[in-house]
Amino acid sequence: MKKVGKMLPGLLARDWKPGRAAFAGLIATLIYSIAMESDKFLIGNRFSDVRFLEGMLAGEKRSKRINALAWLLHFLNGVALAELYAAVVKRFLPGPAWLRGTIFGEAFVFVIWWITPLADKYHPLIRNGEMPHLFRWRSFWQNMLRHASYGLALGFLYPNSDKRGK
C-alpha cells in the first residue's frame, strides 16, 4: 500500500487545477449535450446518452426525477473525465491543446466501444426498441462527433499550462 501512495504524486500532473478542470468539463459537457440533442435530428439516430442513463436507473419507467438525475450523472461524468484528462492524461498527448483534447475525446469512444454489444443485448430501452442499437456504424460515428465536440471544447477550455504546443 505504501508503494501506491508514493506513485500517486508522480501520476498526477503538477500543473493540475481541479477547479479549472471541473469548469472546463461542465462547459465541454454542455457543448456535447447540444451536439447530442442536435445530431439526433440531423442524423436521424435518436440515441441519447441521458435517456440511456435513465434506462439504466429506472428501466422503462419515466419520471422528472429520474430525468434530472440522469442529466446530473451526465454532467458529473463530463466533469470526472475532464479531471482525468487534466490530472493524468493531457501531458502524455501530442500537439496543441485543442488537438490533445480532441484526441482524448475520441480515445474515450475507442476505449468504451467494446461494451456496446452488451448494451445492445441488456439495456431495457434498446431491447424494447425505444432506443437504437449502439453497435452500429451510425452510432459509432455519432459518438465520434459528440466526443470530438467535447474534447475540442475541453482542449480550448483547459489549455496547456506547461506552454507545450502553443
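Further up the page is the structure itself.
Along each chain, numbering runs from 1 in the same order as the chain's sequence is written. A pLDDT threshold of at least 70 governs which residues receive local features in this predicted model, and a stricter bar of 80 or more applies before side-chain atom pairs are shown or counted, although totals over entire chains, interfaces and linings include all residues. Note that the side-chain values use all heavy atoms of the structure and ignore hydrogens as well as water.

Engineer: Which parts of the structure should I look at to understand the nonpolar core?
Structural biologist: Within soluble globular proteins, side chains that are nonpolar generally end up buried alongside one another. What is meant by a nonpolar core is a set of buried Ala, Val, Leu, Ile, Met, Phe, Trp, Tyr and Cys residues, joined one to another through side-chain atoms within 4.5 Å. Accessibility here uses a 1.4 Å probe with only protein chains present; expressed as a share of the type maximum, an area under 20% marks a residue as buried, one over 50% as exposed, and anything in between as partly exposed. With 17 residues, the main nonpolar core has Ala28, Tyr85, Phe104, Tyr150, Leu154 and Tyr158 as its most contacted residues. Contacts between residues were defined by any pair of non-hydrogen atoms, one from each residue, lying within 4.5 Å. If near-sequence neighbours (up to four positions away) are discounted, Ala28 is found in contact with Tyr150, Ala153, Leu154 and Leu157. Counting residues in each nonpolar core, the second largest holds 7 residues, with Leu125, Ile126, Met131 and Leu134 among its members.

Engineer: Would you mind going over the pattern of salt bridges with me for this structure?
Structural biologist: Working definition: two side chains of opposite charge can pair if their charged atoms are close together. Whenever a carboxyl oxygen of Asp or Glu lies within 4 Å of a side-chain nitrogen of Lys or Arg, that contact is scored as a salt bridge. Inspection of every chain in the model, using the stated rule, returns 8 salt bridges. Residues Lys40 and Glu37 are paired through a salt bridge, measuring 3.1 Å at the closest nitrogen-oxygen approach. Note that Lys40 and Glu37 are positioned in helix 2 (residues 18–43) at a spacing of 3 residues, about one turn of the helix. On the basis of relative accessibility, which here comes to 19%, the residue Lys40 falls in the buried class. Owing to a relative accessible area of 29%, Glu37 belongs among the partly exposed residues under this scheme. With its nearest N and O atoms 3.9 Å apart, the salt bridge here joins Arg136 to Asp120. One end of the pair, Arg136, is in the loop between helix 7 (124–127) and helix 8 (137–157); the other, Asp120, is in helix 6 (residues 116–122), and 16 residues separate them in sequence. Overall, the relative accessible area of 10% leaves Asp120 in the buried class. Labels follow the DSSP assignment, with helices taken as runs of H or I lasting at least four residues and strands as runs of E lasting at least two, numbered in each case from the N terminus.

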